Amino acid sequence: MSQLQPARGTHDLIGETARRHAHVIDTARRITATYGYEEWSTPIFEDTRVFSRTLGDTSDVVTKEMYTFPDRAGESLTLRPEGTAAICRALVTNGLTQNLPQKVFYNGPMFRYERPQKGRYRQFHQIGAELIGVSDPLLDAETIAMGHAILRALGLEPAIQLEINTLGDNESRSAWRTALIDYFRRHVDDLSNESRERLEVNPLRILDSKSAQDRALLDDAPAFASYLNDESRRFWDGLRRGLDSFGIPFVENPRIVRGLDYYSHTAFEFTTDKLGAQGTVLAGGRYDGLVAEMGGPPTPAIGWAGGIERLALLLEAPPERPAGIAVISMGGDTMNAAVQAVQSLREAGFRAELETRGSVKKRMERVVKSGASHAILLGDEELARGSVQVRDLALRAQREVAIADLVRIVSEKA
Ligand code: ATP
Ligand code: MG
C-alpha cells in the first residue's frame, strides 16, 4: 500500500509545533481566567442549522467553506467552521439565557474548505472568548484589552497592530447599505465577478474582498461615519474612550467588516505584516442578534477568535521542555529503589525518566545527549548505605547523596 498522507489542508502537531500550539492555549486560558472567564467545550459537529441560520446565507463560510454531510440517519451535520454560533447554541440549550452575563473561553479545531497556504488550512485551531449578556462599550474595550494582553504575554506586542471599526446598529447600517449599493452600481463594470454577485445581496462584504480590482474601488466608497445615528455614534465614541482607559493603542480602519454576517457596532482585528496575506491573527466584534437567531431572547454579546496556527508561527522561540532527570539502575537488586526514586521526583514536579535500555555506558551517552540536568545512579553498594550517586551533567560533578535528600539536592541545583 502506498504511504498515506494527512488530508489536504490538515497537519499533525508534533514536537516543537505542538509545544508552540499548547503555549498559545495555556497563555490564553491563564489570561482569560484573570478576567473572570470560564472554559466551555462544545461538540466538533453540530446540526447544520446552527451555522447556516446564523452566519448568514451569503457569508463565504456558509456558501463555500462548510464541511456538511448527512450522517447515517440522514441528519445534516456540519463540522464547526467557527466557535461563536456553537457557544450561543449551548447558552440557549443549557438554559443559561436567564443567567447572564456569561464569560466564556474556548479553544479547539475548526474546519473550513479553503485553499490551503501558509497560515490558511482546512483544519485549523482557534482560541476564542465571548462576553454574553452585556451591551456597554467599556466592556467591548475590555474584551479587546484581554485579547491584547494575550498577544503581549506571547511576546507579540511589537509585531501586531489593533484596527477597529464600527458597523453601527441596524438602522445606520441599512442607510449606509443603500448608499453603498448606489456607489457600486455606478462602478459595476469594474467589480470582480464575485462582488457583482454580492452587490444586491450583501454589499458590505465587498469591503472585505481580497480582489485587487475591488480594492481599487474602495477608496472612494461612501464612508460609514456619515451614516451613523446618535446611538451608534455614542457607542463608537465609548469604545474609543474605553480603549484609551485600558491603554490599548489602535488605528481606525473603515474597511473592517469581518467575514461573518452577524456583527453590529464594534468590529476589530489584530493584524501583523509578518504573515503575508494571512495577516489577521485575532479578530471579532459585537453580535447582538445571534442569540435570538438561535431561538433565545434578544441578548447582546461581543467576542473574538484567534488563529492558533498564525499565533504559533509568530512566536519568537518555542517554549522549552524542562530538562529531565534520568534514573539509572546499575543492576543487582536496585530496580525497586530506582522506581521509588523516579516516582518521588515526579511527585515533586520534576520531569524524570527511567533509563533502562543497553549497557550503563550506552545509557549515560543517551542521557547526556538528551540534555538532562542530572543522572541518578543506583548501585547495590550505595543503596546498602541508603544513598545514591547524583551526577550533575552541567557541572560534570558527581557525589553520593542520601536517598531521603534526593529531591532537595536536585531542587537546589535546578
Ligand atoms: P480571513 O479573512 O483570514 O479568511 P476570517 O475573517 O475568515 O479570516 P474569522 O472567522 O474571524 O476569520 O476567524 C478568526 C481567526 O481565525 C482569523 O483571524 C485567523 O487568525 C484564523 N483563521 C480563520 N480561518 C483560518 C484558516 N483557514 N486557517 C488558519 N487560520 C484561520
Ligand atoms: Mg475566511
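Numbers given to residues run from 1 along each chain, matching the order in which its sequence is written. Here every chain gets a letter starting at A, and every ligand a number starting at 1, in the order they are written. Given that this is a predicted model, residues contribute local features only at a pLDDT of at least 70 and side-chain atom pairs are listed and counted only at 80 or more, while totals for whole chains, interfaces and linings are drawn from all residues. Water and hydrogen atoms were dropped before computing side-chain values, which therefore reflect all heavy atoms in the structure.

### Side note on the pairing of strand 7 (residues 160-166)
Summary of the burial criterion: residues with accessible area below 20% of their type's maximum are buried, those above 50% are exposed, and those between are partly exposed, where the area comes from a 1.4 Å probe applied to protein chains only. Helix and strand assignments come from DSSP, with helices taken as H or I runs of at least 4 residues and strands as E runs of at least 2, each series counted from the N terminus. Most of strand 7 is tucked away, with six of its seven residues classed as buried. One requirement defines pairing of two strands: DSSP has to find at least two bridges between them. Two strands pair when backbone bridges link them, and strand 7 and strand 9 (residues 264-272) are joined in this way by seven bridges, in the antiparallel orientation. Bridged to I164 within strand 9 is F268. For strand 7 and strand 8 (residues 251-252), the ladder comprises two bridges, and the chain directions are parallel. In the strand pairing of strand 8, E163 is matched with V251.

### Describing the packing of aromatic side chains
Two rings belonging to Phe, Tyr or Trp (six-membered ring only in the last case) form a pair when the distance between their centres is within 6.5 Å. Interplanar angles under 30 degrees mark stacking, angles over 60 mark edge-to-face geometry, and anything in between is tilted. In total, this model carries four aromatic pairs according to the counting rule given. Ring plane angle 25° and centroid distance 4.4 Å describe the contact between W176 and F224, whose orientation is recorded as stacked. Placement of the pair is W176 in helix 6 (residues 170-186) and F224 in the loop between helix 8 (212-218) and helix 9 (230-246), with a sequence separation of 48 residues. Among the residues examined, W176 registers a relative accessible area of 2% and is labelled buried. Aromatic side chains F268 and F270 sit 6.2 Å apart centroid to centroid with 80° between the ring planes, which places their arrangement in the edge-to-face category.

### Some remarks on the environment of W236
Relative to the assigned elements, W236 resides in helix 9. Given a relative accessible area of 9%, W236 falls into the buried group. Sequence separation between W236 and P137 is 99 residues, and the spatial gap between their C-alpha atoms is 7.5 Å.

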